[in-house]
Each structure stands twice: as structure tokens, then as C-alpha cells.
Amino acid sequence: LLDRSPMMPIHNLKIPDHLPDPFTREEMEAILTHLKTNAPEQAWNWYEFAFGTGMRPSEQIALLWEDIDWVGNSVRVKRARVRAQLKPTKTYQVRDVLLSDRMMEVLKRQKAHSFEEGRAPIFLNPMTGRAWPDVQEQRKTYFQPALKALGIRKRHAYCTRATFATTALMGGVNPSY
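Predicted, not measured: the structure shown is a model, and the values here were computed from it.

> How would you explain the nonpolar core if you had to name every residue and give the values?
If you look at the biggest cluster of nonpolar residues, it comprises 36 residues, and the most contacted ones within it are F23, I31, L35, Y47, F49, V75 and L107. Within the residue set of this core, elements represented by two or more residues are α1 (25-38), α2 (41-53), β2 (74-77), α4 (101-114) and α5 (136-150). Among the elements that line this core, the one with the most residues is α2, at six residues. For F23, the contacting residues outside a window of four places in its chain are M28, I31, F51, F143, L147, I152, R155, H156, C159, T160 and T163.

> Please give an account of the packing of aromatic side chains that cites residues and values.
Inspection of every chain in the model, using the stated rule, returns eight aromatic pairs. Measuring from ring centre to ring centre gives 5.8 Å for F23 and F143, while their planes differ by 80°; the resulting arrangement is edge-to-face. Here F143 lies in helix α5 and F23 lies in the segment before α1, a separation of 120 residues in the sequence. Neither residue differs from the other here; F23 and F143 are each classed as buried. For the pair W65 and W70, a centre-to-centre distance of 6.1 Å together with 10° between the ring planes defines the contact as stacked. Among the aromatic residues, those joined into a cluster by ring pairs are F23, W46, Y47, F49, F51, F123 and F143. Across from the ring centre of W70, 4.5 Å away, lies the NZ or CZ of K111, which sits over that ring. Over the ring of F115 we find K111; its NZ or CZ atom is 4.7 Å from the centre of that ring.

What counts, and at which threshold
- Numbering of residues starts from 1 in every chain and runs along the sequence as written.
- In view of the model being predicted, local features appear only for residues whose pLDDT reaches at least 70, and side-chain atom pairs are presented and counted only at 80 or more, with totals across whole chains, interfaces and linings using the full set of residues.
- With hydrogens and water stripped out, all remaining heavy atoms of the structure feed into the side-chain values.
- In this description, a nonpolar core means a group of buried Ala, Val, Leu, Ile, Met, Phe, Trp, Tyr and Cys residues linked to one another through side-chain atoms lying within 4.5 Å.
- Throughout this description, buried means an accessible area under 20% of the type-specific maximum (1.4 Å probe, protein chains only), exposed means over 50%, and partly exposed covers the range between.
- Only DSSP runs of H or I with at least four residues qualify as helices, and only runs of E with at least two residues qualify as strands; both kinds are numbered from the N terminus onward.
- Whether two residues are in contact is decided by their heavy atoms, any of which lying within 4.5 Å being enough.
- Think of it this way: a Phe, Tyr or Trp ring, Trp meaning its six-membered ring, pairs with another when their centres are within 6.5 Å, and the plane angle makes it stacked under 30 degrees, edge-to-face over 60, tilted otherwise.
- Definition used: whenever NZ (Lys) or CZ (Arg) falls within 6 Å of the ring centre and also within 35 degrees of the ring normal, the charge is taken to sit over that ring.

Here you go:
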């Protein structure tokens, strides 16, 4: 009897495709130790940086050396790479992420792999020496096999972000950070 739905002007709320599912500190350290001993150093660096900064993978993959503030121990996050395309961040905001001494050590190790490349991304594919087009290949090549080898329940690599947030909150960091 109606020629159109009365629900047309009402928009549904977005439903998250998965809830945060952080790794425990023990799981995180086991994953990093496994990658350190069983994967190229660049893979270990990538995931240690992911666990230690809480950056979105699409943002981390697009980081350039010029984004690092070596004096202020921070990184400016201003772009993302999705399906080989550079884009603004998901929130369209530029933000600075403070880096712990451990994260600064990751960057120092990573310098040997990509620093001399000018505007090259910080994290390169260790197999090709070129920029990763997206984060899918590294998850399949390094992260998921590490979880399987360690007997850790399968989870998204994106959970490194939730792990960082959980660890920070447990450490007393202001939730607005």
C-alpha cells in the first residue's frame, strides 16, 4: 500500500565488525620473541612498533622518516595507506604519538633497512625492499603464522592497537590520550 518505506530517512548506527580483543602481556612478548627469532628483523620491528604505539596498521605502513621527531621522541601521524593508495587518516586528524625508549630503539634498528631511501616508508617489505602496498600480506606471512606456532588464539593483527590501549590504561595513562 505504501510506495516507499517510512524508514528511508532513518539511518542505522554503524555496528563494529569486531570488539576489541587485546593480547595479554605474555602473549605480546611471546609473539615478539617468536618474530625476533623466526622472521626478518623488519617484521619483528613492525609488530613491536605496532604493540608499542597503538597506531592503526594503515597509518603505520604510511610512516615516513620525516614524520619522526628524534628530539621530542614522537611521531606525527598524518596519512594512511589503504589498497596501495595514500589517504588521510581514518579520522582526518593529524596527531602526534609519543614514543617510549623501546620504540625509539625499534626505529634505530629499522634505520638499517630503510633510512637511506630518502622519502621511503619506514617499514618496507623485507622480501622486496619496497613499500608494502597494504597490510594484508604481512599479516598472512608473519603475524598469523606466529600465533599458530605459539598456540595463541587467532585474532586480527589490529588487536595490537587494543593491546596498546589496554596496557596504557592499566598503567594509569589518561583515557583521553
